[in-house]
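# Coordinate analysis (summary)
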Amino acid sequence: MLKMLRKPTFAALAILALAACDDDETAPDLRADIDYSVLGNQTPYSEQFVDEAGATTVDLADGNNRHKMFQALNYYSSSNITANTAISAEQLKKLFSNTGNPFVDISTSTISVTGSSLNSSGVQLKNVTASSLGSGADAVRTKLESDFDDIATASLSVTQVAEKGKAGKLATYLVDDRGIETIQIIQKSLIGALQLDYISNVLLSEGLKADNHSVVSGKNYSALEHNWDEAYGLLTLNPVYLYNTTTSVASTDAARATVEFGAGSYIWEYNKANYAKFYPAFLKGRAAIVNNDKAEIEAQATFIRTQMELAIARAALGYLDKWKAGGAQVKDQAHAIGEGLGFIYSLRFAKIHGGDAAWSDGIINGLVGSEFGFWDLDVTKINAASDAIKAKFSIQ
Amino acid sequence: MSLFQFKKIGVVLGICILSGCGGSSDPDPAVDPLDRVPMLTNWADNIIIPAYDNFNAKLGTMTTKADAFTSTPNETTLAGFRTSWKDAYIDWQRVELFEFGPGDRNTIRNFFNIYPADEAGIVQNISDPAVNLALPVSYARQGFPALDYLINGLADSDQGIITLYTTDSDASKRIAYIDKLVDRMNSLLTTVISDWKGSYRSTFISSTGLDIGSSTSNVVNAYTLNYERFIRSGKIGIPSGAMTTSGGVKYPEKVEAYYKRDISLTLAKTAHQATVDFFNGKGFVTGTEGPSLKSYLDALDAKDVSTGTPLSQIINNQFSSSALKFDLLGENLHDQVINNNQSMIDTYNELQKAVRMLKVDMTSAMSITITYTDNDGD
């Protein structure tokens, strides 16, 4: 229908196209248009985008493989902490860069990883981490690798009880000599540096300029289609993100119908107003790519980016509040601030809201920049951090 | 949870039909029972601010009596300090539930009423005049519980206590510590009250949403948390060992006002009554009910679908059942745990029944998210 409408204006468009050196308008669309109203919000993603022969044009492998690498990296630390065994910084660095066949099989109630397929996947976490920053990415990658060193050092005290100036465990949480729960710093920093940055600041921004008029050699998708699908695959492993999930008053995972990890779970937990709109937005944006509907692509990308940033900001605020919450024990406070600090680190990638490294580092230093870090925290420092985040994100 | 869901949807739809769901062209707020402005206003003007004013007066009296004691420690001034401490502690129970807005920002509870008192930490702080009382490690070394230890628990006899403030080598340090604690309580309370009377009141009333961070959400979360953790668990559950986490181990030394002992039931009953009165929107001074959680739940028509009983009535009935259990306890909960703990456990079990009603049924009916738990498993 859209193509029929274009015919009468073809000449005018051709002139415009020449003037603007923009061949998008003249090159034929790759596929027949998709009516947005037929998109199924409870129908698997890959089923909804097919070529003329009915074969899916979606390949989620790259995104899903990185998502699983993130899970595996986290599981390596968490399983050692649970087992009271040492963590190797070298192993974490190998998992981060996918060198030396580092991945092994993992099968738990929430993680299913086949080591050999990740090892041979051809993708890694490190080279996309903070990649929107160009040469600035090195500082982020180096910081994460120093976190690996930190958690390895702390893990040598995994059988000790932590106290001020001394690494060890607070209940089940392993903290370093400044009371910082490094596994949370790593995991929550990667929500920003890996997921938010690569999804929002690369794939759904610069990535939207990719070619959409020819399929990638040997593949069934265009480069633009694949960028969008990679974003979806890095967010979730599920065919339908948050399938059949409703808001729960208790905010527990048990109330969520699908297992989500990383950014995907915090979007649900900390953006109650909008989490249910994420999957429809991914579908509509993907259909808009098929339709070459640039305004719609942009609208959906902006929605996803904005709301993911807000979820992470609210998560940071939520954990700062949990430090304050009446009845919070030292272990609860340490865990809350570990999560909170990681989310605050991630806010440097919230580019739509103007987050940057200096701003984020300033908040972190204000919280735990003193000699004993966590052990020196008081409510004044927590309030200052909350106020700064609320101001930046216009949160009440 | 879902018990109340259906009815709620029914009434929301009903209201939509009447008003046309016109977004900004809502019906006259004066006739909209779901308008939260009157409820927020009633809370601020008729309950929270007057309750803080009342407590502030009691703390003022305690401060005068504390000064009299620290300037001239003797049996008379000690008795005066103790009485004023008890009176202030009782009326603290009527504001402790307001841990939202300025109370939350300053985490005033953490500095007023974390018990059991940390005896060794208090001794350590007394010897260090520069100690930072803002750190979490100092929570249990200040406020009412620390004062309880300092005026009721330092020695077996009154004369023994007075000696520690007169002729003992550390007497002046102890006096300085009492002064420091009382000053700190005053300055924190002044901050909270001036925030309420300053810009926060209008901020509070104008935040009319139900989302996380809105006034109603903050209030309901703080209210429920206070009931669950500080009344049910703190005052009854932990000392009696009724909590599943304690494995049945009794901790009589963890009762509130452990050193004074014979006011622990009064403190618990006062806190419980404050919870009931707040639910019903009862004016602190007037005693008259205004817009409240009760009237809001009624406006939502939240009810048990099988019996038709309004949720607000179910909750009030449960509060009454709990109050009857309190009446069976002795004034000294420490002795109660030791001599007849079953009645403590019975009280706990009764209090527990309201947790679900408030935390699940009420929040579900109101579309409020509980934010203070962290159950995401990592």
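Residues numbered from 1 in each chain as written. Chains lettered and ligands numbered in written order. Predicted model: local features only at pLDDT ≥ 70, side-chain atom pairs only at ≥ 80, totals over all residues.

Bringing the overall build of chain A into the picture now. Within chain A, the secondary structure is distributed over 14 helices and four strands. Overall size of chain A, expressed as C-alpha extent along the three principal axes, is 75 × 45 × 40 Å. Per-residue burial over chain A gives 46% buried out of 396 residues. For chain A, the proportion of contacts with a sequence separation of at least 24, taken over those separated by at least 6, is 64%. (Helix = DSSP H or I, 4+ residues; strand = E, 2+ residues; numbered from the N terminus. Buried ≥ 20, exposed ≤ 12 C-beta atoms within 10 Å, placed from the backbone. Contact = placed C-beta atoms within 7 Å.)

Looking only at helices and strands, chain B has 15 helices and zero strands in total. Here the C-alpha radius of gyration of chain B, 22 Å, is about what a compact globule of 378 residues would show, namely 21 Å. Relative to its 378 residues, chain B shows a buried fraction of 46%. Within chain B, residue pairs in contact and separated by at least 24 positions form 73% of the contacts whose partners lie at least 6 positions apart. (Rg over C-alpha atoms; globule rule 2.2 N^0.38 Å.)

If you look at the interface, chain A gives 26 residues, while chain B gives 29 residues. At the level of elements, helix 9 (263-270), helix 11 (294-324), helix 12 (330-346) and helix 14 (379-393) of chain A are the ones that each hand at least two residues to the side of chain A that touches chain B. It is helix 11 of chain A that contributes the most residues to the side of chain A that touches chain B, five residues altogether.

Let us now look at the confidence of the model for chain A. Mean pLDDT for chain A: 92, with 91% of residues reaching 70 or above. Within the model, pLDDT remains below 50 along residues 249-254 of chain A, and this stretch shows 18 contacts once partners closer than five positions in the same chain are excluded. (pLDDT = per-residue confidence, 0-100.)

What follows concerns helix 9 (residues 171-206) of chain B. Residues and elements named next belong to chain B. Between its terminal C-alpha atoms helix 9 stretches 51 Å, which fits the 52 Å expected from 36 residues at 1.5 Å a residue. Remark: the principal bend of helix 9, roughly 70°, maps to Tyr200. Turning to helix 9, its buried residues number three or more, namely Arg174, Ile175, Tyr177, Ile178, Leu181, Val182, Met185, Leu188, Leu189, Val192, Trp196 and Phe204. (Expected span 1.5 Å × (residues − 1). Bend = angle between axes of the 7 residues up to and from the residue.)

Looking now at the nonpolar core. Residues and elements named next belong to chain A. Among the nonpolar cores identified, the biggest contains 200 residues, and Leu73, Ile312, Ala313 and Ala316 are the most heavily contacted of them. Looking at this core element by element, the count peaks at 14 residues for helix 11. The residues touching Ala313, leaving out its near neighbours within four places in the chain, are Leu347, Ala350, Ile389, Phe393 and Ile395. (Core = buried A, V, L, I, M, F, W, Y, C linked by C-beta atoms within 7 Å.)

Our focus in this paragraph is helix 7 (residues 182-203) of chain A. At Asp197 of chain A, helix 7 of chain A shows its strongest bend, of approximately 50°. Helix 7 of chain A sits mainly inside the fold: 21 of its 22 residues count as buried.

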